Structure formats: structure tokens, C-alpha cells
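Listed here are the chains, written in short residue letters.
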Amino acid sequence: MKLVPLFDRVVLKKMVEEETTASGIVLPGQGDKEKPGQGEIIAVGPGGLVDGKEVKMQVKAGDKVLYSRYAGSDVELDGVKYVVIKQSDILAVME
Amino acid sequence: MKLVPLFDRVVLKKMVEEETTASGIVLPGQGDKEKPGQGEIIAVGPGGLVDGKEVKMQVKAGDKVLYSRYAGSDVELDGVKYVVIKQSDILAVME
Amino acid sequence: MKLVPLFDRVVLKKMVEEETTASGIVLPGQGDKEKPGQGEIIAVGPGGLVDGKEVKMQVKAGDKVLYSRYAGSDVELDGVKYVVIKQSDILAVME
Amino acid sequence: MKLVPLFDRVVLKKMVEEETTASGIVLPGQGDKEKPGQGEIIAVGPGGLVDGKEVKMQVKAGDKVLYSRYAGSDVELDGVKYVVIKQSDILAVME
Amino acid sequence: MKLVPLFDRVVLKKMVEEETTASGIVLPGQGDKEKPGQGEIIAVGPGGLVDGKEVKMQVKAGDKVLYSRYAGSDVELDGVKYVVIKQSDILAVME
Amino acid sequence: MKLVPLFDRVVLKKMVEEETTASGIVLPGQGDKEKPGQGEIIAVGPGGLVDGKEVKMQVKAGDKVLYSRYAGSDVELDGVKYVVIKQSDILAVME
Amino acid sequence: MKLVPLFDRVVLKKMVEEETTASGIVLPGQGDKEKPGQGEIIAVGPGGLVDGKEVKMQVKAGDKVLYSRYAGSDVELDGVKYVVIKQSDILAVME
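- The name an unreviewed UniProt entry gives chain A is Co-chaperonin GroES, with Stomatobaculum longum as the organism.
- In its Subunit (unreviewed entry) section, the UniProt entry covering chain A states "Heptamer of 7 subunits arranged in a ring. Interacts with the chaperonin GroEL."
- Taken from UniProt, the Subcellular location (unreviewed entry) comment for chain A reads in full: "Cytoplasm".

Put into C-alpha cells, the structure is as follows:
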């Protein structure tokens, strides 16, 4: 079974923070600023007309991204944690 | 008696969480993130001009979907639980 | 005396919950989700340009509908309870 | 002295609740739903471009209307109570 | 020194409530509804494109107006109290 | 070093309140209405397309203005206090 | 590894406050006004259609800027602190 996102949503596989440290990114623990999560894109919605506005998808499956933790919905499937999130809540691609 | 949704709304039959576990999806219980519900689409509104914006319906009866639990209205009819929800609150189709 | 709604509003005669149970719909009592009300449409506004957006009326007098309880205004006239509500707060027609 | 409303506003003379009961409308006292007020239209603004949107005035002096009590501003002039309100906060004309 | 308002703003000289009573308008003191202030227009902004929308100025210096007390900014200049307010917060012209 | 504002922002040098009294403007200390600050414009952004809307700059360096104290960001540079503010939060030019 | 921002976002390297004082800017510590942060732009998104509105990027890598501290997301990579922020939350370029 797989998740097919609608509109401008993408499905991310969450990257756990241990991997995070290994990859060189540390999310700071102090302050009240938002701290982004990291994930790998698994599936990308079709884009198109979203709330009356044309949206082009700019990310693709396999991209590793930083995303806003305050956005999106958590889903666990066969023991893997996913996040369904709008493309506009993706902050940056990690290259 | 059946429910015919207006505009961009759809009627979902709620899938109970026991079925959920069986289908391999577990909704995580901790944290303050939104956790989606699951349902099967029973009826789909006509779309068209919604709040002055053109909306095309992208889901159809029979689709199994994840939807935002914070959205929509619960209705119980002949002992079956339904949710009336806007298409834009559907996160992903489960295939 | 009758009520003639403006713009995209409709006047509903409220259906009491006893009728509701008889008709097979039970509104669940637990949880913090919105629970819709039921009503019969008595009068329909002309639609047209509402807040700068074109609105076409899709319901008609006689339709039995589910509507959002958090929307609209209650009015009692000659002992009958009415709700004046925008068409967009109607969730579904019951057929 | 008289009040000339701007844009899409109208000036209503408030109808007191005693008149209200006489006319057959009773405003329910329980619940947290909004309960509309009643008034007679005294003056109507010119309509036209309001917040960048074209508004056509659909009510006229002499109309008796139900209006949203949470909207508008109260003014008392020579002992008579008026409400200055936007046309879109008028719910229905009473005929 | 004088105040030249930008965009769709106007400068009002506040009319004190004693003058108010003399002119026959009494602002009611009870309830939680908004009660308008009164002022005489001293200067009118140029209008034009405001927040991307075309605004035409419909009031002129010398007009006596009712305005929303919750809007605008108070300024005192040479002992006279002024309010700088957007034209859309003017409720009605008093003629 | 100088500050070059983007879009529809302007940089103001704050005028202290002692200067204020000298110039004849007194900001009233009572009530919960907003009280504007005063400043001299030091730099003006280019205007143009801001949040999808065309903005023309109507103020220039040297203008003395009243501005909304609840808007903008304070910066101190070489002992001088500046405010970076959007043009739309400027209430009036003082001439 | 580097961060490639999407849409109208930019990646800033945060400038610490000690550098800040050295460069002559002191952020005031009193009051409840927003105090901007300082950063050097490392990467700039492509701009284009953002939320249905055309955005042109007006800053470039190397620019030193003041930005709104209440906006954006903190990320630490190889011991360096970055902020991912929308261009519209940049207040001014420091030249």
C-alpha cells in the first residue's frame, strides 16, 4: 500500500535525528524559534490549481528536504514514519 | 436515504482504527501533531465555482483516503458513521 | 409575514432531533467535532455577486439539508424555528 | 439633521422587542447562537466599489429587515435609536 | 504645521461630547456594541491604489462625520485633538 | 554604513518626544487608542510589486511623518535610533 | 552539503551580536518592539509564482541584511548557524 498525495502535497519519509547528527545538521535546542525537520520525498502531488492559484511542483521523489515541523500530518505505515505536507512548507532542499 | 454533498465537499464512510491497524497504518499517539483519519469516499460534490475559485474534483467514490481529523462534520446514519469534508482536507489517496 | 433572504443566504425551517432519530440520522454526542443540524429550505436568496464573487444557488425550497450548527442565525416566527444561513454552510442535501 | 451612509452601509431605525413580539417574531433567549435584531431602513449608501469589489445595493428605505446584532454601530439621535450597518450584515427582508 | 494624510486616510478634528449632546446626538452608554465618535474632516488623502485596490475619496474637508472609535490614531496638535483614520472607517456623514 | 530598505519599506530616524513637544504636537497619554510616533524619513524602498500588488512610493527622504508605533522594527546605528517600517504604516506627512 | 531554498526563501548565515556591536549596530534591549537580527545571504531561491503571486528576488548572495527575528527557521550545519527566511521578511540591506 502506498500514499498518493493530492494537489500540492508531498509525502516525506521522516529522517530520524540520529541520522541527522551523522549528516552534519544539528537542530538547536534552545529558544522559541521554529526548528525544521528533515525528510526524504517519497511521493509528489500533481500540483495544478490549488485554492484558485496555479502551483508548479519543484521537488521530486528522492529529494532530501528541510520542512516546517509545525505543518503537515504524521502517518505511520508498516513501521515507517511519514509526513504529508504542502510543498510550500518545504524550506530547502539539502544537496 | 443518502447524502448528496454540495460544492467541493465529499462524504466519507469512516474506517475504524481496528481496520486501520489491520491495513498496516498506525496513527502515532504521542506529540501534538495532527493525526489523520481514514475513510472511504461514498459521494462526491460537483465542484465548480467555490468561493469564487474553480475547483475540479480529483477523488471518486470508492477511493480510500487519509483526511484531516480537524476538518469536516460527523454524521451517523442507520448506524454507519460518515464525515462530510471538503476535498482540500483530503491529504492522500491510499492505493 | 415571511422572510426573504438576501445574497447567498437561505431560510431553513429547523427539523427537531426527534424527527431526526426517526429519519435514521443520529448525531453523535461525544468528541469535539462539529455536529450538523438538519433543516428544510423555505426560501432561497438570489445569489449573484457576493463579496465580489459570483455565487449560483444550488439548493431550492423543499430540499432537506444538513447544515453547520456554528453558522447562521436563529429566528422564531409564529412558534416555528428558522435558521438564516449562507448556502456555503450547507453541507449536503438529504435525498 | 440626518445620517447619510457611505459605501455599502445602511442606516436602520431599531425596532424594539415589544413591537417584535407583536409582529409575531420571538427571538429565542437560550443557546449561544447569534440572535438577529430587527430594524427599518432609513437611508441607503451609494454602493459601488467597496474594498475593491463592486457592490449593488439590494435594499431600500422602508424595508423591514433582520440584521446581525454583532455588526454595526449604535447611534441615538433626538431620542430615536439607529444602527449603521453594512448591507452584507442584513440577513433577510421581512415581507 | 498641518497634517497631510496618505492614501485613503483622512484627518478629523474630534468633536467633544458636550457639542454632541447639543447637536442632538447622544451616544448610548450601555451594552458592548461599538459606539461611534464624531468629527469634522480637516484633510483628505489622495486615494488611488490602496493595498492594490482603487479607492475614490467620497468625503471632503468640512464634512461632519460619525466614525468607528476602534479605528484610527489620536494626535494632539496645538491643543486640538485630531484622529487620523481610513475613509472606510467613516460610517456616515451628518447633514 | 547605511540601511537600504526593500520593497515598500522606509527607514525613519526617530524624533524624540522632547522635540515633539517643541514642535507643538503632544501625544495624549490616556485611553487605549494607538498613539503615533514621529520620524524623519532617511531612506525609501523601490516600491513595485509587493505581495502581488503594485505599490508606488509617495514619501521621500526628508519628510517628517507620523507613523503607527505598533508597526515596524527598531534599529540603533552609531547611537541613532531608526525604525524600518512599511509605507502603509505611515499615517500622515507633517508640513 | 548545502541548503538550496525553494520559492522566495533565502538562506542566511547568522551574524553574532558581538560582530554586531563591532559593526556599529546595537539592538535596543527595552520595549516590546520587534528587534531585527542580522545575517549574510548564502543562497537565494528562484522566486517566481509564490502563493499565486509573482515574486522577483531583489537580494543576492553576499548581501548583509537585517531580518525579522520572528520569521524564519533556525538550522545548524557543521557548527554554523543559518536561518531560512522568506525574502519579504528581510527589512533592509546594510551597505
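Back to the write-up after that little detour.
1. Details of the overall build of chain A
Here's step 1: Counting its regular elements, chain A contains one helix and 10 strands.
Here's step 2: Reading the secondary structure of chain A in the N-to-C direction produces β-β-α-β-β-β-β-β-β-β-β.
Here's step 3: Burial statistics for chain A: of 95 residues in total, 53% are counted as buried.
Here's step 4: Put simply, 71% of the contacts in chain A that link residues at least 6 apart link residues at least 24 apart.
Here's step 5: Total accessible area on chain A stands at roughly 4,400 Å², and carbon and sulfur atoms take up 50% of it.

2. Observations concerning the pattern of salt bridges
Residue and element names in this part refer to chain F.
Here's step 1: Taken as a whole and judged by the stated rule, the model has 28 salt bridges over all chains.
Here's step 2: A salt bridge links Asp63 to Lys60, with the nearest nitrogen and oxygen atoms 2.9 Å apart.
Here's step 3: By relative accessible area, Asp63 is classed as buried at 10%.
Here's step 4: Judged by its relative accessible area of 53%, Lys60 falls in the exposed class.

3. Quick word on the environment of D:Arg9
Here's step 1: If you trace the backbone, D:Arg9 turns up in strand S2 (residues 9-14).
Here's step 2: Judged by relative accessible area, D:Arg9 falls into the buried class, the value being 9%.
Here's step 3: If near-sequence neighbours (up to four positions away) are discounted, D:Arg9 is found in contact with D:Val44, D:Gly45, D:Met57, D:Val84, D:Ile85, D:Lys86, E:Ser88, E:Ile90 and E:Leu91.
Here's step 4: Separated by 2.9 Å, the side chain of D:Arg9 and the backbone oxygen of E:Ile90 make a polar contact.

4. With respect to the interface of chain B and chain C
Here's step 1: At the interface, 24 residues of chain B touch 23 residues of chain C.
Here's step 2: Taken together, the links from chain B to chain C amount to one salt bridge.
Here's step 3: Here B:Asp51 ties to C:Lys53 by a salt bridge, and the two come within 3.4 Å at their closest N and O atoms.
Here's step 4: If you look at where chain B meets chain C, you find six residue pairs in polar contact (both at pLDDT 80 or more).
Here's step 5: Tallying contributions element by element places strand S8 (residues 73-77) of chain B first for the side of chain B that touches chain C, with five residues.
Here's step 6: Class assignment of the residues belonging to the side of chain B that touches chain C gives a composition of 13 nonpolar, three polar and eight charged.
Here's step 7: Of the strand pairs in this sheet, strand S1 (residues 3-5) of chain B and strand S10 (residues 90-94) of chain C are connected by three bridges, and their pairing is antiparallel. Across the sheet, B:Leu3 pairs through a bridge with C:Met94, a residue of S10(C).

5. Quick word on the pairing of strand S10 (residues 90-94) of chain E
Residues and elements named next belong to chain E.
Here's step 1: Burial analysis of S10 places five of its five residues in the buried class, the great majority of the element.
Here's step 2: The sheet contact formed by strand S7 (residues 64-67) and S10 spans three bridges and is antiparallel. Opposite Val65, over in S10, you have Val93 as the bridge partner.

6. A few points about unusual backbone geometry
Here's step 1: Positioned with a positive phi, B:Asp78 is a non-glycine residue whose angle comes to about 50 degrees.
Here's step 2: Note that B:Asp78 resides in the loop between S8 and strand S9 (80-86).
Here's step 3: Judged by its relative accessible area of 60%, B:Asp78 falls in the exposed class.
Here's step 4: Even without being a glycine, C:Phe7 presents a positive backbone phi close to 50 degrees.
Here's step 5: Looking at the element boundaries, C:Phe7 is found in the loop between strand S1 (3-5) and strand S2 (9-14).
Here's step 6: When its relative accessible area of 8% is taken as the criterion, C:Phe7 is described as buried.

7. Remarks on the interface of chain G and chain F
Here's step 1: Contact with chain G, which involves 23 residues of that partner, is made by 24 residues of chain F.
Here's step 2: Both faces considered, chain G and chain F share a buried interface measuring about 2,100 Å² in area, 57% of it formed by carbon and sulfur atoms.
Here's step 3: Summed over the shared surface of chain G and chain F, the number is one salt bridge.
Here's step 4: For the side of chain G that touches chain F, the secondary structure elements donating two or more residues are strand S3 (25-26), strand S6 (53-55) and strand S10 (90-94) of chain G.
Here's step 5: Sort the elements by how many residues they give to the side of chain G that touches chain F and S10(G) lands first, with five residues.

8. What to know about the environment of A:Gln38
All names here are of chain A.
Here's step 1: Residue placement: Gln38 occurs in strand S4 (residues 37-44).
Here's step 2: The class for Gln38 is buried, based on a relative accessible area of 3%.
Here's step 3: Taking the C-alpha atoms as reference, Gln38 lies 9.5 Å from Ile90; in sequence the two are 52 residues apart.

Reading the values: rules and limits
- Residues numbered from 1 in each chain as written.
- Chains lettered and ligands numbered in written order.
- Predicted model: local features only at pLDDT ≥ 70, side-chain atom pairs only at ≥ 80, totals over all residues.
- Heavy atoms only, no water.
- UniProt positions renumbered as here; feature names shortened; annotations may be inferred.
- Helix = DSSP H or I, 4+ residues; strand = E, 2+ residues; numbered from the N terminus.
- Buried < 20%, exposed > 50% of the residue type's maximum accessible area, 1.4 Å probe, protein only.
- Contact = heavy atoms within 4.5 Å.
- Areas by Shrake-Rupley, 256 points an atom, 1.4 Å probe, with all protein chains shown as cover.
- Salt bridge = Lys/Arg side-chain N within 4 Å of Asp/Glu carboxyl O.
- Polar contact = N/O pair within 3.5 Å; in protein donor to acceptor, adjacent residues only side chain to side chain.
- Nonpolar A, V, L, I, M, F, W, Y, C, P; charged D, E, K, R; others polar.
- Pairing = 2+ DSSP bridges.
- Buried area = accessible area lost by both parts, 1.4 Å probe.

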